[in-house]
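Coordinate inspection notes
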There are 2 protein chains.
Amino acid sequence: MQIILLSGGSGKRLWPLSNGTRSKQFLRVLKSPSGEYESMVQRVMRQIGEAGLEAEVTIATSETQREAITNQLGGGVAVVTEPERRDTFPAIALSAGWLALEKGCSRDEVVVVMPCDPYTEVRYFETVGRMVEAVEADAAELVLMGVEPTAPSTKFGYVVPQSGEQGLSVQRVQRFTEKPSRERAEELLREGAFWNGGVFAFRLGYMVDIIERYIHAADFAELRSRYGEFPKISFDYEVAEKAHSVAVVPYAGAWKDLGTWNSLAEELPENCMGNGYIDAKCENTHVVNELELPILCVGVKDVIVAASPDGILVCDKSASEGMKSEVEKFDGRPMYEERRWGTYRVLGQTVYPDGHHSLTKLLHLNAGCSISYQTHARREEVWTFVDGEGLLALEGKVTRVGRGDVAHIRRGEHHAVKALTDLEIIEVQSGDELVEEDIKRYPFEFPERV
Amino acid sequence: MQIILLSGGSGKRLWPLSNGTRSKQFLRVLKSPSGEYESMVQRVMRQIGEAGLEAEVTIATSETQREAITNQLGGGVAVVTEPERRDTFPAIALSAGWLALEKGCSRDEVVVVMPCDPYTEVRYFETVGRMVEAVEADAAELVLMGVEPTAPSTKFGYVVPQSGEQGLSVQRVQRFTEKPSRERAEELLREGAFWNGGVFAFRLGYMVDIIERYIHAADFAELRSRYGEFPKISFDYEVAEKAHSVAVVPYAGAWKDLGTWNSLAEELPENCMGNGYIDAKCENTHVVNELELPILCVGVKDVIVAASPDGILVCDKSASEGMKSEVEKFDGRPMYEERRWGTYRVLGQTVYPDGHHSLTKLLHLNAGCSISYQTHARREEVWTFVDGEGLLALEGKVTRVGRGDVAHIRRGEHHAVKALTDLEIIEVQSGDELVEEDIKRYPFEFPERV
């Protein structure tokens, strides 16, 4: 059995913790049963394991999220990235194509597609197991999860089962409906309709046939290179609405989208996460602080304060839904990123009147990881090694480095670094333009010993 | 005529903008008529000049404030610092002693003592002028300013004039009273009493005689070295209450202590100072942001958000008076300081599990200023020069430095730097203890040319 986890999102609604490269599913603000902080995607991966689904997981995402995924989930999980952003049908088709053409899965294998960030409980994954059984029993071409509504919500699409099937563990679907009006939603509840949970199960061959309506590819590289030939259309429209037979497996349990500060705050394990203090006069106030500097809240009510190297949000909880448009005013460079090799954080930056830029970063390399051999055309860098042990390659020469060492890397000079233990470096960049894109990479292997 | 400006305060109530070395009077959050940002002490100095008082100003303060005062007011103003903190009588006596013993002012010269941070208007300084005239006319030994009450406040001491003198421009004082109850304050208003504004005028000889009750010093150095012999007592108790004749000159006009965020917010020139955005759903909300990272306020009401390298405050305006005790929880090292030579800001700091510390600072040296020749016993420093031109002295060798230069200063190595133009340096400190006190200074003169 294969699971395709959809990992998308631009991360504006949980600003400043989320940004273009760190969507909400990567925020480590939840707590696992063992007391460790974990992100939404880490939580879903843990739950898949705990449910005993014996699934192999492929993450369908964009290139900007690849390094965060590797950093959070390790190298063991497969990642398929879209060459360009289209819609859910092309993204799912690409990952399904990867399973068929690259991984070599059989047409009979069951595939489950699901979002990577629903906040649910173990029964949710048990329901996924029943969906797989339904596909294996050929209950329908397409089986989806129906979330039992707790209110006549106007925010979800609905799935209406055929009359007379209510109460069955697998119900045939009569039709789908768009987000309804309040009155229509109340009628749908009386009809026994479910919320469409965005979880789909099918045999891989079913999806391969749909892909071939658009692209006949000899291998995955060809499929990916012709990705633009897929129509920009959602999976619901292209697949679910057109299927000859669809069944729904009901799920009754916790099912939340922690997509706004208001909804996320309800699930935070503590009122104050990070360095801060909420005084006794405050009510219903949450602080999520990724900065070192402390946050003090005095006497405020119903407020979320969130701080990261990207900025500081002070938001009334009732207003958190509408903040996406305001955040677009603050589109600067990312100030914190998770990378394949670790993380970096921007400590300070200055643009001088003559156009010269200076940027100071703290780099944290995880033990065993390395930054690739590279040159910059428009900047120089000074690296001060402040903790750990590593190997520095500079213009072909490899030396052992640690606390107290300094490297001055001039424009055009080839450099790389490998962390032998966790390694921290203060990097001061200077140049006329300081962008992540000013980088040219070269093949290089660090020697085993120096 | 001499003015002694009292500059004290520990700066907890306007945290995080104020701290141990930056009391509220140094915050550049007001606007001068010419549109420049100015601090409270800069505002008072400007107003003294504009009032045409032709006064020479001496600042009575503590050593921790000396560098901020020089940086804000320039080198032209005299600064007298207490060797230890005692009370207002010793502090005023020390500055008066400096005027008599060091500056050589005559016993007849009129001295005005006043706080350095009242928020007032030009009439206030005209009143100071009338107080000087009253002393010169020998109206009393001691003349003080009486602020006309606008309400029966219980927060101020009161000055009660002799009956029958109401309406005179100089009134003889019958008695002083402590902060009264509400009922007593209402009676005092009916008696024509004034708030004690903490502004006093007298002839220097009058104060010299009081000093000599405690210390007979041959010169100022002796007076300062024997400072501990002064009693710990306020000027009001030691001088005003004991004077044989006291007069009061009334002042009717703006007179505010911008000592809490709530009172300061009313005088801020803009709702949002610094990088930030207050959305349209917010009401009565102020942002004062000294950080580079943006602050976004969404939908909050009656809130002050203040951010500096020391921390972030989110405070309901009605609660700002009580925050002093909360702030004491956050007593860390100062993250921003004004120094004689410019400013520094801490960009980041880390303590590693083995006790090793790393601290990154941005230093800004004003053109012409220099950091003294010094060594550190417990840390090394890496300086990356990111803007401007300067001279670097390292172990006796002087070189010209500018953008792109890097200096690695090891433990015990002598170093100094002089800014030829405004100079910016990223400093990375590493060591087992990183405190401002780990510094040994040596005499050194930079050569005119290198």
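In what follows, the accompanying structure is described. (Residues numbered from 1 in each chain as written. Chains lettered and ligands numbered in written order. Predicted model: local features only at pLDDT ≥ 70, side-chain atom pairs only at ≥ 80, totals over all residues. Heavy atoms only, no water.)

Remarks on the overall build of chain A
If you tally the helices and strands in chain A, you get ten helices and 30 strands. Computed over the C-alpha atoms, the radius of gyration of chain A is 25 Å, within 12% of the 22 Å expected from 2.2 N^0.38 for a compact globule of 450 residues. By its C-alpha atoms, chain A is 75 × 65 × 45 Å across when sized along the principal axes. Entry remark: accessible area of chain A is about 18,300 Å², with carbon and sulfur atoms responsible for 47%. (Helix = DSSP H or I, 4+ residues; strand = E, 2+ residues; numbered from the N terminus. Rg over C-alpha atoms; globule rule 2.2 N^0.38 Å. Areas by Shrake-Rupley, 256 points an atom, 1.4 Å probe, with all protein chains shown as cover.)

Here's the deal with the relation of the copies chain A and chain B
Rotating chain A by 180° and moving it 0.0 Å along the rotation axis overlays it on chain B with an RMSD of 0.1 Å. Taken together, the rotation and translation describe the operation of a two-fold axis. Among all residues of chain A, the minimum C-alpha distance to the rotation axis is found for Leu347(A), at 2.7 Å. Most of the interface of chain A is mirrored in chain B: 100% of its interface residues are interface residues there too. (Least-squares fit on C-alpha atoms with pLDDT ≥ 70 in both. Contact = heavy atoms within 4.5 Å.)

Overview of the interface of chain A and chain B
Counting residues at the interface gives 56 residues for chain A and 56 residues for chain B. Buried area between chain A and chain B, both sides added, is near 4,500 Å², and the carbon and sulfur share of it is 66%. Viewed at the interface, chain B and chain A are joined by two salt bridges. Here Asp354(A) ties to Arg403(B) by a salt bridge, and the two come within 2.8 Å at their closest N and O atoms. Between chain A and chain B we count 20 residue pairs in polar contact (both at pLDDT 80 or more) in total. Considering every element that reaches the side of chain A that touches chain B, the biggest residue donor is strand β19 (residues 311-316) of chain A, with six residues. (Buried area = accessible area lost by both parts, 1.4 Å probe. Salt bridge = Lys/Arg side-chain N within 4 Å of Asp/Glu carboxyl O. Polar contact = N/O pair within 3.5 Å; in protein donor to acceptor, adjacent residues only side chain to side chain.)

With respect to the pairing of strand β26 (residues 397-402) of chain A
Residue and element names in this part refer to chain A. Where strand β25 (residues 389-394) meets β26, six bridges bridge the pair, whose relative direction is antiparallel. Across the sheet, residue leucine 394 finds its bridge partner in β26, namely lysine 397. Connecting β25 to the antiparallel partner β26 that follows it, the hairpin turn spans two residues, and glutamate 395 within it adopts a positive phi of roughly 50°. (Pairing = 2+ DSSP bridges.)

Section: the environment of Gln2(A)
Residue and element names in this part refer to chain A. Among the structural elements, glutamine 2 can be located in strand β1 (residues 2-6). Since its relative accessible area comes to 2%, glutamine 2 is described here as buried. For the pair formed by glutamine 2 and phenylalanine 200, sequence separation is 198 residues and the distance between their alpha carbons is 12 Å. Setting aside residues up to four positions removed in sequence, glutamine 2 forms contacts with Glu56, Leu99, Lys103, Cys105, Glu109, Val110, Val111 and Val112. (Buried < 20%, exposed > 50% of the residue type's maximum accessible area, 1.4 Å probe, protein only.)

Overview of the sheet that holds strand β25 (residues 389-394) of chain B
All names here are of chain B. Sheet architecture is open: five strands sit in the order β26-β25-β28-β23-β30, paired in antiparallel fashion. The open sheet has two edge strands with one neighbour each: β26 (397-402) and β30 (440-442). Strand after strand, the sheet turns through a mean of 30° between neighbouring axes, direction not considered. In this sheet, strand β28 (residues 415-419) lies alongside β25 in antiparallel orientation, the contact comprising five bridges. When the bridges of β28 are listed, leucine 391 appears paired with lysine 418. (Axes fitted to C-alpha atoms, helices over the stretch in contact; angles between N-to-C directions.)

A few points about helix α4 (residues 122-136) of chain A
All names here are of chain A. With 15 residues, α4 ought to run about 21 Å at 1.5 Å a step, and its terminal C-alpha atoms sit 22 Å apart, in line with that. Buried within α4 we find Tyr124, Phe125, Thr127, Val128, Gly129, Met131, Val132, Ala134 and Val135. The first or second residue beyond α4 is aspartate 138, which carries a positive phi of 55°. (Expected span 1.5 Å × (residues − 1).)

Concerning the packing of helix α3 (residues 88-102) of chain A against helix α6 (residues 204-212) of chain A
Residues and elements named next belong to chain A. The contact between α3 and α6 brings their axes to 10 Å, and the two run at 120°. Crossing angle aside, the handedness with which α3 passes α6 is left-handed. Contacts between α3 and α6 involve Phe89, Ile92, Ala93, Ala96, Gly97, Leu99 and Ala100 from the former and Leu204, Met207, Val208, Ile210 and Ile211 from the latter. For the contact of α3 with α6, the class distribution of residues is eleven nonpolar, one polar and no charged. (Left-handed = near helix turned anticlockwise from the far one by under 90°. Nonpolar A, V, L, I, M, F, W, Y, C, P; charged D, E, K, R; others polar.)

Side note on helix α2 (residues 66-73) of chain A
All names here are of chain A. Those residues of α2 lying buried are Ala68, Ile69 and Gln72. Mapping the buried residues of α2 onto a view down its axis gives an arc of 100°, with all of them on the same face. In this fold, the buried residues of α2 make contact with α1 (40-50), β4 (56-62), β5 (78-82) and β20 (336-339). A positive phi of about 85° marks glycine 74, the residue just after α2. (Arc of directions from axis to C-beta.)

Thoughts on the pattern of salt bridges
All names here are of chain A. Under the definition given, this model contains 68 salt bridges over all chains. Aspartate 117 is the salt-bridge partner of lysine 24, the closest N and O atoms lying 3.1 Å from each other. You can see lysine 24 sitting in the loop between β1 and β2 (30-31) and its partner aspartate 117 sitting in the loop between β6 (110-115) and β7 (118-120), a full 93 residues away along the chain. Close ionic contact of arginine 46 with glutamate 38 constitutes a salt bridge, the shortest N to O distance being 2.8 Å. By the burial criterion, arginine 46 is buried, and glutamate 38 matches it. Among the ionic contacts, a cluster of salt bridges with common partners joins Glu67, Glu337, Arg339 and Arg340.

Here we look at the side chain of Gln374(A)
Residues and elements named next belong to chain A. Along the polypeptide, glutamine 374 turns up in strand β23 (residues 370-375). Among the polar contacts made by the side chain of glutamine 374, one reaches the main-chain carbonyl oxygen of serine 372 at a distance of 3.0 Å. Excluding residues that lie within four positions of it along the chain, glutamine 374 makes contacts with Glu413, His414, His415, Ile439, Lys440, Arg441 and Tyr442.

Overview of unusual backbone geometry
Cis geometry marks the peptide bond from Trp15(A) to Pro16(A), where omega comes out at 5°. The residue Pro16(A) is located in the loop between β1 and β2 in this model. The backbone of Glu395(B) shows a phi angle near 50°, a positive value even though the residue is not glycine. With respect to the helices and strands, Glu395(B) occurs in the loop between β25 and β26. Judged by relative accessible area, which is 46%, Glu395(B) ranks as partly exposed.

Looking at the packing of aromatic side chains
Applying the stated criterion to the full structure yields 31 aromatic pairs over all chains. A centroid spacing of 5.1 Å and a plane angle of 75° characterise the contact between Tyr124(B) and Phe125(B), whose relative ring orientation is edge-to-face. The exposure class assigned to Tyr124(B) is buried, which follows from its relative accessible area of 0%. On the basis of relative accessible area, Phe125(B) is assigned to the buried category, the value being 0%. A network of ring pairs unites the aromatic residues Phe89(A), Tyr214(A), Tyr227(A) and Phe230(A) as a single cluster. (Phe/Tyr/Trp six-rings, centres within 6.5 Å; stacked < 30°, edge-to-face > 60°.)

Observations concerning the sheet that holds β23(A)
Residues and elements named next belong to chain A. Across the sheet, which stays open at both edges, the five strands sit in the order β26-β25-β28-β23-β30 with antiparallel pairing between neighbours. Looking along the sheet, the strands with just one partner apiece sit at the ends: β26 and β30 (440-442). The mean angle between the axes of side-by-side strands here comes to 30°, regardless of whether they run parallel or antiparallel. In this structure, β23 lies alongside strand β28 (residues 415-419), joined through three bridges in antiparallel fashion. Within β28, the position partnered with serine 370 by the bridge is lysine 418.

Considerations on the pairing of strand β12 (residues 246-251) of chain B
Residues and elements named next belong to chain B. Of all six residues in β12, six are buried; the element is thus mostly enclosed. Here β12 shows a buried face lined by Val246, Val248 and Pro250 and a second buried face lined by Ala247, Val249 and Tyr251. Looking at chain direction, strand β8 (residues 142-147) and β12 are connected through six bridges and run parallel. Across the sheet, the residue bridging to leucine 142 is valine 246, located in β12. Both strand β10 (residues 171-177) and β12 contribute to a ladder of two bridges, which runs antiparallel. Pairing of glutamine 171 across the sheet is with valine 248, part of β12.

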